[in-house]
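Structural description and commentary
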Amino acid sequence: MEEQLCAAETRFWMYSYKVHPCLEPMPHDWATCPQQHHTEKAARRCPRTFRYSAVRCPQHNKKLSGGGRATCAKGDGCGCAHTVYELWLHPDRFRTQMCLHGDACTKPLCFFAHR
């Protein structure tokens, strides 16, 4: 039973977390809400719907000479990850490396494996 719960939790993080728009009309804490919010850095594409790889896009978020950051011209059609969340919550990467903090890790969401 514990293995099934662990697998369900893993699927949630990889395929649901910050993928769907939040429908809550009242102001609330985005950090504790599992849905995505407009302009939120954690918002991401679902790797099942958008076939992108667990490789950082070389164009997205590149520093511009006049300041600011670039966006990828391919947008959602790009085959690479655009955000840290897309990169590390991708099924090819999520919890495939051990956490450096091990059992002492206190992160509510850690992209790395424990034990």
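As annotated in an unreviewed UniProt entry, the chain is AtC3H23-like CCCH zinc finger domain-containing protein from Monoraphidium neglectum.

**Details of the overall build of the chain**
A tally of helices and strands in the chain yields two helices and zero strands. When its C-alpha atoms are laid out on the principal axes, the chain stretches across 50 × 35 × 30 Å. Looking at the chain residue by residue over its 115 residues, the buried ones come to 33%. Put simply, 49% of the contacts in the chain that link residues at least 6 apart link residues at least 24 apart. Only carbon and sulfur atoms are counted for the fraction: they give 56% of the accessible area of the chain, which is about 8,200 Å². Taking the average place of the 16 positive charges on the side chains of the chain and the average place of its 10 negative ones, the gap between the two points comes to 11 Å.

**Re the layout of surface pockets**
Space inside the largest pocket adds up to approximately 650 Å³. The residue inventory of the lining of the largest pocket, partitioned by class, reads ten nonpolar, ten polar and eight charged. Put simply, the second largest pocket is a space of about 260 Å³. Residue lining of the second largest pocket: 15 residues in total, with Trp-13, Tyr-17, Ala-31, Pro-108 and Leu-109 positioned closest to the centre. Counted by class, the lining of the second largest pocket contains twelve nonpolar, one polar and two charged residues.

**Here's the deal with the side chain of His-37**
Looking at the element boundaries, His-37 is found in the loop between α1 (2–15) and α2 (84–88). Here the side chain of His-37 touches Gln-35 through a polar contact of 3.2 Å, landing on its backbone oxygen. Other than its neighbours up to four places away in sequence, His-37 contacts Lys-18, Cys-22, His-28, Trp-30 and Ala-43.

**Some points on the nonpolar core**
Judged by nonpolar contacts, the single largest core of 14 residues is most densely connected at Trp-13, Tyr-17, Leu-89, Phe-94, Leu-109 and Phe-111. Listed by contribution, the elements that provide at least two residues to this core are α1 and α2. Setting aside anything within four residues of it in sequence, one finds Phe-94 in contact with Thr-10, Trp-13, Met-14, Trp-88, Leu-89, Leu-109, Cys-110 and Phe-111.

**A few points about the packing of aromatic side chains**
To describe a pair of aromatic rings, you give the distance between the ring centres and the angle between the ring planes. Taken as a whole, this structure holds six aromatic pairs when the rule is applied. When the ring of Phe-12 is compared with that of Tyr-17, the centres are 6.2 Å apart and the planes differ by 65°; the resulting orientation is edge-to-face. Under the relative-accessibility criterion, Phe-12 is labelled partly exposed at 32%. Aromatic side chains Tyr-85 and Phe-111 sit 5.6 Å apart centroid to centroid with 90° between the ring planes, which places their arrangement in the edge-to-face category. With Tyr-85 in helix α2 and Phe-111 in the segment after α2, this pair connects stretches of sequence that are 26 residues apart. On the basis of relative accessibility, which here comes to 25%, the residue Tyr-85 falls in the partly exposed class. Looking at Phe-111, the relative accessible area reads 14%, which means it is buried. A connected cluster of aromatic rings, assembled from ring pairs, spans Phe-12, Trp-13, Tyr-17, Tyr-85 and Phe-111. One cation-aromatic arrangement involves Arg-45 over Tyr-52; the distance from NZ or CZ to the ring centre is 4.4 Å. When the ring centre of Tyr-15 is taken as reference, the NZ or CZ atom of Arg-48 above it lies at 3.7 Å.

Quick notes on the rules
- Residues numbered from 1 in each chain as written.
- Predicted model: local features only at pLDDT ≥ 70, side-chain atom pairs only at ≥ 80, totals over all residues.
- Heavy atoms only, no water.
- Helix = DSSP H or I, 4+ residues; strand = E, 2+ residues; numbered from the N terminus.
- Buried < 20%, exposed > 50% of the residue type's maximum accessible area, 1.4 Å probe, protein only.
- Contact = heavy atoms within 4.5 Å.
- Areas by Shrake-Rupley, 256 points an atom, 1.4 Å probe, with all protein chains shown as cover.
- Lys, Arg positive; Asp, Glu negative; His and termini not counted.
- Charge placed at Lys NZ, Arg CZ, Asp CG, Glu CD.
- 1 Å grid on protein atoms, 1.4 Å probe; cavity = no way out; pocket = protein on both sides within 12 Å on 5 of 7 lines; lining within 4 Å.
- Points joined across faces, edges and corners; volume = space filled by probe spheres on them.
- Nonpolar A, V, L, I, M, F, W, Y, C, P; charged D, E, K, R; others polar.
- Polar contact = N/O pair within 3.5 Å; in protein donor to acceptor, adjacent residues only side chain to side chain.
- Core = buried A, V, L, I, M, F, W, Y, C linked by side-chain atoms within 4.5 Å.
- Phe/Tyr/Trp six-rings, centres within 6.5 Å; stacked < 30°, edge-to-face > 60°.
- Lys NZ or Arg CZ within 6 Å of the ring centre and 35° of its normal.

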